[in-house]
Amino acid sequence: MADTTLNWESFESKCAACKACGLCEGRTNIVIYRGARSAPLMIIGEAPGESEDLQGKPFVGRSGMLLQNLLASYGFTDNDYHICNICKCRPPANRRPTPEEIKACKVLLADQFRLVKPKVILLCGSTAYEGFFGTKPVMKDVRGVFIERKGYQIMTTYHPAYALRNPANKVPIYDDMGKVRDKLTELGLMPPL
Ligand code: URA
C-alpha cells in the first residue's frame, strides 16, 4: 500500500537505515541523488563507485564529469534533473550489482519516483535498463528511442563509462541526450535551446 507519510526527510532516513541487502556492510555513505529533489528529468545509472561512496553523491567521478559536460552542453541546470542509480550502495570492487541487490533497492527507488515525479527518464547503461524493465537489453537496439510506460517517457543510452573507454562512443550518448532535451522542450518542461 502507498505510504501516505512519504516525504524527503522520511525517505532519506529510510535510506540511511537500509539493510535490505549485503551491500550496506561495505558502504561509507548511501548514495541517494544529486540535482533537484523534484525534476522533469530523472537520470539513472548503475551503482556508486569509490568517489560516489566517499562523497555520498552519484556521478561525481570520471563518468560523472562526462555526464555533467553533456548536460551543460544542452543548457541543463541543477533544477532540471535528478541523478540517481539503480543501486544506492557501492558494490565491492565496482562489480555489477546482482539481480537480488537491484530487487532489494527497487523498493527505495519506487519511493524516489513518487517524490521526484519525473516526466522523462534516461537510463544509462544495461544495468539501469535491466533494473528498470527486468530484461537484458541489446544496447545498440534499445538506445536512442523513447518508450512510453506508466506516463513516463523513457530513453536508454550507453553508460558514460562506455565513452571513457573510447571517446568515439561519446557521439551516441550526446545524440541521445539531445533527444531527451528536445523531448523536455516538446513537453513544455524546458525552454528551447
Ligand atoms: N557510475 C554509475 O553508474 N553511477 C555512479 O554514481 C557513478 C558511476
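Residues numbered from 1 in each chain as written. Predicted model: local features only at pLDDT ≥ 70, side-chain atom pairs only at ≥ 80, totals over all residues. Heavy atoms only, no water.

Q: How should I be thinking about the overall build of the protein in this particular structure?
A: Counting its regular elements, the protein contains eight helices and six strands. Counting from the amino terminus, the protein carries its helices and strands in the arrangement α-β-β-α-α-β-α-β-α-α-β-β-α-α. Reported as C-alpha extents along the three principal axes, the dimensions of the protein are approximately 40 × 40 × 30 Å. Looking at the protein as a whole, 52% of its 193 residues are labelled buried. In the protein, 73% of the contacts between residues at least 6 apart in sequence involve partners at least 24 apart. Surface accessibility of the protein: about 9,600 Å² in total, with carbon and sulfur atoms responsible for 53%. Looking at charge distribution, the protein has the averaged site of its 26 positive side-chain charges lying 2 Å from that of its 20 negative ones. (Helix = DSSP H or I, 4+ residues; strand = E, 2+ residues; numbered from the N terminus. Buried < 20%, exposed > 50% of the residue type's maximum accessible area, 1.4 Å probe, protein only. Contact = heavy atoms within 4.5 Å. Areas by Shrake-Rupley, 256 points an atom, 1.4 Å probe, with all protein chains shown as cover. Lys, Arg positive; Asp, Glu negative; His and termini not counted. Charge placed at Lys NZ, Arg CZ, Asp CG, Glu CD.)

Q: What is the right way to read the site of the ligand from this model?
A: Taken together, the neighbourhood of the ligand is formed by Gly-45, Glu-46, Ala-47, Glu-52, Pro-58, Phe-59, Asn-85 and His-159. Residue Asn-85 places a side-chain N or O atom 2.8 Å away from a nitrogen atom belonging to the ligand. One of the side-chain N or O atoms of His-159 is found 2.7 Å from an oxygen atom in the ligand. Looking at the shell around the ligand residue by residue, the class counts come to three nonpolar, three polar and two charged. (Near = heavy atom within 4 Å. Polar contact = N/O pair within 3.5 Å; in protein donor to acceptor, adjacent residues only side chain to side chain. Nonpolar A, V, L, I, M, F, W, Y, C, P; charged D, E, K, R; others polar.)

Q: What's the story with the sheet that holds strand E4 (residues 120-124) in this structure? I'm lost.
A: As a general point, the strands of a sheet are linked pairwise by backbone hydrogen bonds and lie either parallel or antiparallel. A sheet is described by the order of its strands in space; here six strands give the open sequence E1-E3-E2-E4-E6-E5, paired in mixed fashion. What marks the edges here is a single partner per strand, and that holds for strand E1 (34-35) and strand E5 (146-149). Sitting on the sheet, helix H3 (residues 62-73) is in contact with E1, strand E2 (41-45) and strand E3 (81-85), with an inclination near 160° to E3. Where helix H5 (residues 126-133) meets the sheet, it contacts E2, E4, E5 and strand E6 (152-157), and its direction lies at approximately 125° from that of E4. (Pairing = 2+ DSSP bridges. Axes fitted to C-alpha atoms, helices over the stretch in contact; angles between N-to-C directions.)

Q: Looking at this structure, I do not really get unusual backbone geometry. What am I missing?
A: Backbone geometry follows two general trends: most residues other than glycine have a negative phi, and most peptide bonds adopt the trans configuration. We note that Ala-93 has phi near 50°; this positive angle belongs to a residue other than glycine. Of note, Ala-93 is situated in the loop between E3 and helix H4 (99-116).

Q: Would you mind going over the pairing of E3 with me for this structure?
A: The side chains of a regular strand alternate, first on one face of the sheet and then on the other. In terms of burial, E3 is largely enclosed, as five of its five residues are buried. Residue alternation in E3 divides its side chains into two sets, Tyr-81, Ile-83 and Asn-85 and His-82 and Cys-84, and both sets are buried. The sheet contact formed by E1 and E3 spans two bridges and is antiparallel. Within E3, the position partnered with Arg-34 by the bridge is Ile-83. Two elements, E2 and E3, share five bridges in a ladder whose sense is parallel. From the neighbouring strand, Met-42 faces E3, where its bridge partner is His-82.

Q: Help me out: how do you make sense of H5 in this one?
A: Three or four residues apart is the spacing at which side chains of an α-helix point the same way, because the helix has 3.6 residues per turn. Of all eight residues in H5, seven are buried; the element is thus mostly enclosed. For H5, the complete set of buried residues consists of Ser-126, Thr-127, Ala-128, Tyr-129, Gly-131, Phe-132 and Phe-133. Buried residues along H5 sit in contact with E2, H4, E4, helix H6 (139-142), E5 and E6.

Q: Would you explain the pairing of E4 in this entry?
A: In terms of residue burial, E4 counts as a mostly covered element, since five of its five residues are buried. Burial along E4 is two-sided: Val-120, Leu-122 and Cys-124 facing one way and Ile-121 and Leu-123 facing the other are all buried. When E4 meets E6, the two strands line up parallel, connected through five bridges. Each residue of the ladder has a partner; that of Ile-121, found in E6, is Ile-154.

Q: Where do I start with the packing of aromatic side chains in this structure?
A: What describes a pair of aromatic rings is the distance from one ring centre to the other and the angle between the planes of the rings. Enumeration over the complete set of coordinates arrives at eight aromatic pairs. Their ring planes at 80° and their centres at 5.4 Å tell us that Trp-8 and Phe-11 sit as a pair that is edge-to-face. Of this pair, Trp-8 and Phe-11 both sit in helix H1 (residues 8-16), three residues apart, roughly one helical turn. Trp-8 gets classed as buried once you look at its relative accessible area, which sits at 8%. With a relative accessible area of 0%, Phe-11 lands in the buried category. Centroid distance Phe-113 to Tyr-152: 5.5 Å. Interplanar angle 40°. Geometry classified as tilted. Note that Phe-113 is positioned in helix H4 and Tyr-152 in strand E6, a separation of 39 residues in sequence. The class of Phe-113 is buried, set by a relative accessible area of 10%. In this structure Tyr-152 comes out as buried when scored by relative accessible area, which is 19%. (Phe/Tyr/Trp six-rings, centres within 6.5 Å; stacked < 30°, edge-to-face > 60°.)

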